[in-house]
Amino acid sequence: MKIAKNLLYEGNNMQLNLINRPQYLNQLLQFQNTEFIKVLTGVRRSGKSYILMLYREYLLKHNINEHQIIYISFEDFDNIDLYEPKKLYSYLKERIISDQRMYILLDEIQYVSDWQKVVNSLRLNPLLDITITGSNSKLSNLLCK
């Protein structure tokens with residue numbers, strides 16, 4: 001079973017026409033390569049995932065190697081095994097290149113139990129740029145813990 005596939009970039013010829021959203025992307029870019037965890041929240045179907053994909057496109061167009069980007073959509077059933085925090089953490093750690101800046105993009109993170117522990121542990125590595133998305137109703141309460 002292949003987990004954490006990226007429909008946009010891993011062997012699938014699916015192409016999405018992403019609408020440029022410079023105001024949102026620029027806000028995200030202000031915190032690129034910082035210790036801050038970037039959190040995109042909003043109501044369902046508001047475009048959080050597309051902004052995350054725009055960020056990924058931006059990175060690729062600005063000479064970030066695709067091996068430096070780990071993108072996981074938790075809405076993809078292929079990734080259901082990663083809902084367990086230890087499995088997610090192990091999966092990410094296996095793919096992190098220790099001496100390079102890495103970009104961790106986690107879409108709809110609220111599906112992962114105890115995701116905060118995974119993200120906070122990853123944040124200890126200063127070479128990781130972490131961006132997450134989640135629906136307002138499910139993520140906002142968890143961010144306050």
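Quick caveat: nothing in here was measured; it's all calculated off a predicted structure. (Residues numbered from 1 in each chain as written. Predicted model: local features only at pLDDT ≥ 70, side-chain atom pairs only at ≥ 80, totals over all residues. Heavy atoms only, no water.)

## Here's the deal with the packing of aromatic side chains
Then comes step 1: In this structure the tally under the stated criterion is three aromatic pairs.
Then comes step 2: Ring pairing ties together the aromatic residues F74, Y83 and Y111, which thus form one cluster.
Then comes step 3: Stacked on the ring of Y91, the Lys or Arg R95 has its end atom at 3.5 Å from the ring centre. (Phe/Tyr/Trp six-rings, centres within 6.5 Å; stacked < 30°, edge-to-face > 60°. Lys NZ or Arg CZ within 6 Å of the ring centre and 35° of its normal.)

## Here's the deal with the sheet that holds strand β2 (residues 69-73)
Then comes step 1: The four strands lie next to each other as β1-β4-β3-β2, forming an open sheet whose pairing is parallel. A strand with exactly one partner marks an edge of an open sheet, and here the two such strands are β1 (38-42) and β2. Taken over all neighbouring pairs, the strand axes of this sheet differ in orientation by 10° on average, direction set aside.
Then comes step 2: As paired strands, β1 and strand β4 (residues 128-135) are joined by five bridges and run parallel to one another. Within the sheet, the bridge partner assigned to T41 lies in β4 and is G134.
Then comes step 3: Together, β1, β2, β3 (102-107) and β4 form the strand contacts of helix α2 (residues 48-61), whose direction differs from that of β3 by roughly 160°.
Then comes step 4: Its contacts with the sheet place helix α3 (residues 85-95) against β2 and β3, and it is angled at close to 155° to β2. (Pairing = 2+ DSSP bridges. Helix = DSSP H or I, 4+ residues; strand = E, 2+ residues; numbered from the N terminus. Axes fitted to C-alpha atoms, helices over the stretch in contact; angles between N-to-C directions. Contact = heavy atoms within 4.5 Å.)

## Examining the pattern of salt bridges
Two side chains carrying opposite charge are able to pair once their charged atoms lie near each other.
Then comes step 1: For the structure on display, the rule yields three salt bridges.
Then comes step 2: Taking the shortest distance from any N to any O, the salt bridge between D129 and K38 comes out at 3.3 Å. Of the two residues, D129 is situated in strand β4 and K38 in strand β1; the sequence distance between them amounts to 91 residues. No difference in accessibility class separates D129 from K38, as the two residues are buried.
Then comes step 3: Put simply, E57 and K61 hold a salt bridge, and the shortest N to O gap is 3.8 Å. With E57 and K61 both in helix α2 and four residues apart, the pair spans about one turn of that helix. (Salt bridge = Lys/Arg side-chain N within 4 Å of Asp/Glu carboxyl O. Buried < 20%, exposed > 50% of the residue type's maximum accessible area, 1.4 Å probe, protein only.)

Read these as layout, nothing more, since geometry by itself doesn't imply function.
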